[in-house]
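Survey of secondary and tertiary structure
Residue strings, one per chain:
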Amino acid sequence: MKIATKTRNNILKIFALIFCIALFLTGCTTLSDIKDNSGNNIYFADIEYFQGQIAVVGDYLFYGNSYTASDGDDFDYASASSTGYLNRLNLSTFKYDLTEDEDGYVDPSPVGIERVDGEDRLVGFQNQYMFALGHYLYFTTPNTHQNSALENDYTQVSLCRIRFNGEGFEELDGTASTFRYDENTILTAQKGSDGNYYIIVYAPVSDESDTTYNLYSIKIGDSLGDVTTLAEDVTSVAMCDENSTIKEIIYTTDSDDEYYETTEVKAVDFASGEERNIGDEVHGSETILQDRIGDIVIYSYSSSEIPQAIFYKDLTNSDNNFNGGNEFYVTSGVSMVERVGSGYMFISDTSNSVMYKPTLGLTSSADENYVDPTPIKVLGSSEYNDILFVDGDYIYYSNDTTINRVSVSANGVGEKETLVTMTSLISGQCGYDGSYIYFYAQLENTTSDDSESDDETEDTTTSDTNYYLYRVDKNSTVPQLLSKVNKN
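Residues numbered from 1 in each chain as written. Predicted model: local features only at pLDDT ≥ 70, side-chain atom pairs only at ≥ 80, totals over all residues. Heavy atoms only, no water.

Spatial ordering of the open sheet is given by 2-3-5-8, a layout of four strands whose pairing is antiparallel. Only two strands of the sheet have a single partner each, and these edge strands are strand 2 (54-57) and strand 8 (114-115). (Pairing = 2+ DSSP bridges. Helix = DSSP H or I, 4+ residues; strand = E, 2+ residues; numbered from the N terminus.)

Summarising the element assignment, T331 is placed in the loop between strand 25 (327-329) and strand 26 (334-340). Engagement of the side chain of T331 in a polar contact is seen with the side chain of T350, the distance being 3.3 Å. Leave out the neighbours within four places in its chain, and T331 touches Q308, A309, I310, S348 and T350. (Polar contact = N/O pair within 3.5 Å; in protein donor to acceptor, adjacent residues only side chain to side chain. Contact = heavy atoms within 4.5 Å.)

Attention now goes to the sheet that holds strand 21 (residues 275-277). Strand order in the open sheet made by the four strands is 18-19-20-21, with antiparallel pairing throughout. The open sheet has two edge strands with one neighbour each: strand 18 (236-238) and strand 21. Ignoring strand direction, the axes of neighbouring strands in this sheet form an average angle of 25°. In this sheet, strand 21 lies alongside strand 20 (residues 263-269) in antiparallel orientation, the contact comprising three bridges. Following the sheet pairing, V268 is matched in strand 21 by E275. (Axes fitted to C-alpha atoms, helices over the stretch in contact; angles between N-to-C directions.)

Averaged over all residues, the pLDDT of the protein equals 88, while 87% of them reach at least 70. Scored below 50 in pLDDT, residues 14-27 shows five contacts in the model against residues more than four places distant or in partner chains. Contacts for the low-pLDDT stretch residues 446-460, under 50 throughout, to residues beyond four places or in other chains number 14 contacts. (pLDDT = per-residue confidence, 0-100.)

To continue, consider the environment of E171. Topologically, E171 is positioned in strand 12 (residues 170-171). Separated by eleven residues in the primary sequence, E171 and C160 have C-alpha atoms spaced 4.3 Å apart. Apart from residues no more than four positions distant in its own chain, E171 is found in contact with H145, S158, L159, C160, S177 and T178. Looking at E171, its side chain comes within polar contact range of the side chain of H145, at 2.9 Å.

Under the definition given, this model contains 13 salt bridges. R292 is the partner of D295 in a salt bridge, and the nearest nitrogen-oxygen pair spans 3.5 Å. An identical accessibility class is assigned to D295 and R292; each is buried. (Salt bridge = Lys/Arg side-chain N within 4 Å of Asp/Glu carboxyl O. Buried < 20%, exposed > 50% of the residue type's maximum accessible area, 1.4 Å probe, protein only.)

What follows covers the side chain of S109. Inspection of the secondary structure puts S109 in the loop between strand 6 (95-96) and strand 7 (110-111). Classification of S109 by relative accessible area gives buried; the value is 4%. A distance of 3.4 Å separates the side chain of S109 from the backbone oxygen of S483, its partner in a polar contact. Of note is the side chain of S109, whose polar atom sits 2.7 Å from the backbone nitrogen of V485. Not counting chain neighbours up to four residues away, the residues in contact with S109 comprise Y96, L481, S483, K484 and V485.

To continue, consider the nonpolar core. Counting 33 residues, the largest nonpolar core has L61, F62, L137 and F164 as the members making the most contacts within it. Of all the secondary-structure elements, those providing two or more residues to this core are strand 2, strand 3 (60-64), strand 5 (86-90), strand 10 (136-142), strand 11 (156-163), strand 36 (436-442) and strand 39 (467-473). What L61 contacts, discounting residues up to four positions off in sequence, is I54, A55, V56, N87, R88, L89, L91, Y438, L469 and L482. Among the nonpolar cores identified, the runner-up in size contains 19 residues, and F389, L419, C430 and F439 belong to it. (Core = buried A, V, L, I, M, F, W, Y, C linked by side-chain atoms within 4.5 Å.)

Right, let's get into the environment of F62. Mapped onto the elements, F62 comes out in strand 3. Residue classification places F62 among the buried residues on the basis of a relative accessible area of 0%. The spacing of F62 and V116 is 54 residues in sequence and 8.5 Å in space, taken between C-alpha atoms. Once you skip the residues sitting within four places of it in the chain, F62 turns out to touch I34, Q53, I54, A55, V57, N87, R88, V116, M130, L137 and F164.

Turning our attention to the packing of aromatic side chains. Throughout the structure, instances matching the rule amount to 25 aromatic pairs. Between F131 and Y138, the ring centres sit 4.9 Å apart and the planes meet at 5°, which makes this aromatic pair stacked. Owing to a relative accessible area of 1%, F131 belongs among the buried residues under this scheme. A relative accessible area of 1% places Y138 in the buried class. An aromatic cluster of three or more residues is present, and its members are Y49, Y129, F131, Y136 and Y138. When the ring centre of Y60 is taken as reference, the NZ or CZ atom of R88 above it lies at 4.4 Å. (Phe/Tyr/Trp six-rings, centres within 6.5 Å; stacked < 30°, edge-to-face > 60°. Lys NZ or Arg CZ within 6 Å of the ring centre and 35° of its normal.)

Right, dumping it as structure tokens:
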């Protein structure tokens, strides 16, 4: 009996050892659950989105520890992911420990950083799309699936999710949720007509020699659906947003009729997949969808009777025509249309200037509440690199060293403010939680006196060229480092 018991104990020890080794090899990471005020695990019934590079869950911030663009010629996934992995940090308790170690080094990182995913998956990169829903954090990562030639194609991204405590990592629908990503790709998550949430992807087909784009959707939530192809050979798209009451995607295709050359405008319900034609096309006309805000679609239109210009269409009206009825702006194209205050911000393709249209101009000039709809210039092309986001009457924008904002209204353009200046930051990539702006920047250069070097000042400029996550209050100029920095 003693021998049997001893043998059984040895077998249990062996199994325990194997289990521990498996955990080590798989990099399994289990963190504490995040609780709400009632002591329950946090669960989001609606999407929580913070501009893409970060997510806030309770008191915790989720983010990529460092940033590396995956489209560079010298991109090395292993090197980038070794520092750009997924972290979380309790913002309600985080602090800095300024104690020097035996080498006189002071770690600039905040105390309490927790690594969420045990694997080296690159999270901080230019095509990051991150949000929270249910018990999960959803995010993208550069594709690591090799093709038939055993090569990696980092122009593709994979859609993933993981629980807030680091458990349950999975790719959405496996490799089928991997898409090519270029300058025209659109990735968003929206609530459908059936009350469920979907990730919607507008992306080029997988064959790099093919320049056509397709529309896809994936049901997300407590359970996941398969990738569904909504439309193929799409030439332009107007994606719905959280303020859209019409839960359809508007898109265009070229007519199949070789004798009736025109652009067909269609709508597809991304939840049901139901498709319908929308608008009465005119022979020889061309319609290019530019953007969408709520149920207002901005589009370019030209025909034999109407010169090319930018128009707008309210989808809630019974008239479904996209035939140049309401002029938005006379130009060849616009991009990044956003609602700012009571008006609309956009970028003109001809000058690359940031413009502000105080109103759509639905009232008569004789009306006592009339507002001149003529767009006014906000920023010239040399004054900004990227528009980050809008909030209230403010437009937030960035360059390679600064983050700035400017207010706009029907009365004109306000004073331009610089919120933070860094030696070098990643322009165009950010997070925003309503109070703080999160951005990636290099560590600031510092110098110190070394008493053992003949009282000469030695340059202790860091050799660390990584871009780490910082945050700055939208009304402040003092940035806070949030990432884990490795001692060189």
